[in-house]
Amino acid sequence: MKNTDGSSEAKRRAGEHAADLVEDGEVVGLGTGSTTAHAIRALGHAVDAGLDVRGIPTSFQSRQLALDADIPLTSLDAVDGVDVAIDGADQVAERPGGGFTLVKGGGAAHAREKVVDAAADRFVVVADPSKLVDPLDYPVPVELLPDARPTVADAVRALGGEPSLRSARRKDGPVVTENGNLVFDCDFGPIDDPATLATELSSLPGVLEQGLFVGLADEVHVGHEDGVDVLGR
């Protein structure tokens, strides 16, 4: 379930602004989503102009975009580390003590995104103003093993959430992730303590990953019709 608010111009400005951060010789995590797609295309133009980078895609979508843009690709097990990861978010909230908490997973790629984003020396979020909220209140995507569906659903309800199995579009049945799993979108209403909820969800047997990214993002590039604001720098 994607958060599709925000203008295309604001998304383009945010994505291209973040792409300008990438320097020659770096390894770049390539996130998933409409705003990150602008960053990937901008990196492709930079590669065409001579920039030497390697990208690590987080989904089929980002991999295909990178291939179309002629960005050389690699993987986590083939490099010493990730210099910068560029990724979007469904919602972004500033933490009281500094840093950010995100809800991600609208494209059902949050498990791979979290691995790459957490591995990066610098994790840059690209967003439009509609994604900035306080507090977070977007349904939290939870990727789970298919056999664990009834037990995870009961556990989410016990935590105060309402799980909804994400249905596929243009096909019968649920969304199946690239890892072969299902996704619950879990509505908790306003989330006052994202860190605790993230820990509780991650500890549930059968859960592969949940979409709360707590304290991972280093900065947020917020695109507007006439420019970009950088938060956290």
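All values derive from a computational prediction rather than experimental measurement.

Some points on the pattern of salt bridges
Here's step 1: All chains considered together, the criterion is met by 12 salt bridges.
Here's step 2: Glu-9 is the salt-bridge partner of Arg-13, the closest N and O atoms lying 3.1 Å from each other. You can see Arg-13 and its partner Glu-9 sitting in helix H1 (residues 8-19), 4 residues apart, about one turn around the helix.
Here's step 3: Taken together, the shared-partner salt bridges in this structure form one network comprising Glu-9, Arg-12, Arg-13 and Glu-16.

Details of the side chain of Thr-58
Here's step 1: Along the chain, Thr-58 falls in the loop between strand E2 (54-57) and helix H3 (60-68).
Here's step 2: In this structure the side chain of Thr-58 is engaged in a polar contact, spanning 2.9 Å, whose partner is the backbone oxygen of Leu-30.
Here's step 3: Here the side chain of Thr-58 touches Thr-32 through a polar contact of 2.9 Å, side chain to side chain.
Here's step 4: Aside from chain neighbours lying at most four places away, what touches Thr-58 is Leu-30, Gly-31, Thr-32, Ala-109, Arg-112, Glu-113 and Val-116.

Some details on unusual backbone geometry
Here's step 1: A cis amide bond links Asp-134 with the next residue in sequence, Pro-135, at an omega value of 0 degrees.
Here's step 2: The backbone of Arg-170 shows a phi angle near 65 degrees, a positive value even though the residue is not glycine.
Here's step 3: Here Arg-170 is to be found in the loop between strand E8 (162-165) and strand E9 (182-187).
Here's step 4: The class of Arg-170 is exposed, set by a relative accessible area of 90%.

A closer look at the layout of surface pockets
Here's step 1: By volume, the largest pocket is sized at about 540 Å³.
Here's step 2: Secondary-structure elements contributing two or more residues to the lining of the largest pocket are H3, helix H4 (110-119) and E8.
Here's step 3: The dominant element in the lining of the largest pocket, judged by the number of residues it contributes, is H4, at 3 residues.
Here's step 4: A class-by-class count of the residues in the lining of the largest pocket yields 10 nonpolar, 12 polar and 8 charged.

As for the sheet that holds strand E11 (residues 212-214)
Here's step 1: With antiparallel pairing, 3 strands are arranged side by side in an open sheet as E4-E5-E11. For this open sheet the edge positions go to strand E4 (91-94) and E11, each flanked by a neighbour on one side alone. Strand-to-strand, the axes of this sheet are offset by a mean angle of 15 degrees, without reference to chain direction.
Here's step 2: Bridging between strand E5 (residues 100-103) and E11 involves 3 bridges; their strand directions are antiparallel. By the bridge assignment, Thr-101 is partnered in E11 with Val-214.
Here's step 3: Contacts from helix H6 (residues 194-202) reach E5 and E11 within the one sheet, and its direction differs from that of E11 by about 125 degrees.

Definitions and cut-offs
- Residues numbered from 1 in each chain as written.
- Predicted model: local features only at pLDDT ≥ 70, side-chain atom pairs only at ≥ 80, totals over all residues.
- Heavy atoms only, no water.
- Salt bridge = Lys/Arg side-chain N within 4 Å of Asp/Glu carboxyl O.
- Helix = DSSP H or I, 4+ residues; strand = E, 2+ residues; numbered from the N terminus.
- Polar contact = N/O pair within 3.5 Å; in protein donor to acceptor, adjacent residues only side chain to side chain.
- Contact = heavy atoms within 4.5 Å.
- Buried < 20%, exposed > 50% of the residue type's maximum accessible area, 1.4 Å probe, protein only.
- 1 Å grid on protein atoms, 1.4 Å probe; cavity = no way out; pocket = protein on both sides within 12 Å on 5 of 7 lines; lining within 4 Å.
- Points joined across faces, edges and corners; volume = space filled by probe spheres on them.
- Nonpolar A, V, L, I, M, F, W, Y, C, P; charged D, E, K, R; others polar.
- Pairing = 2+ DSSP bridges.
- Axes fitted to C-alpha atoms, helices over the stretch in contact; angles between N-to-C directions.

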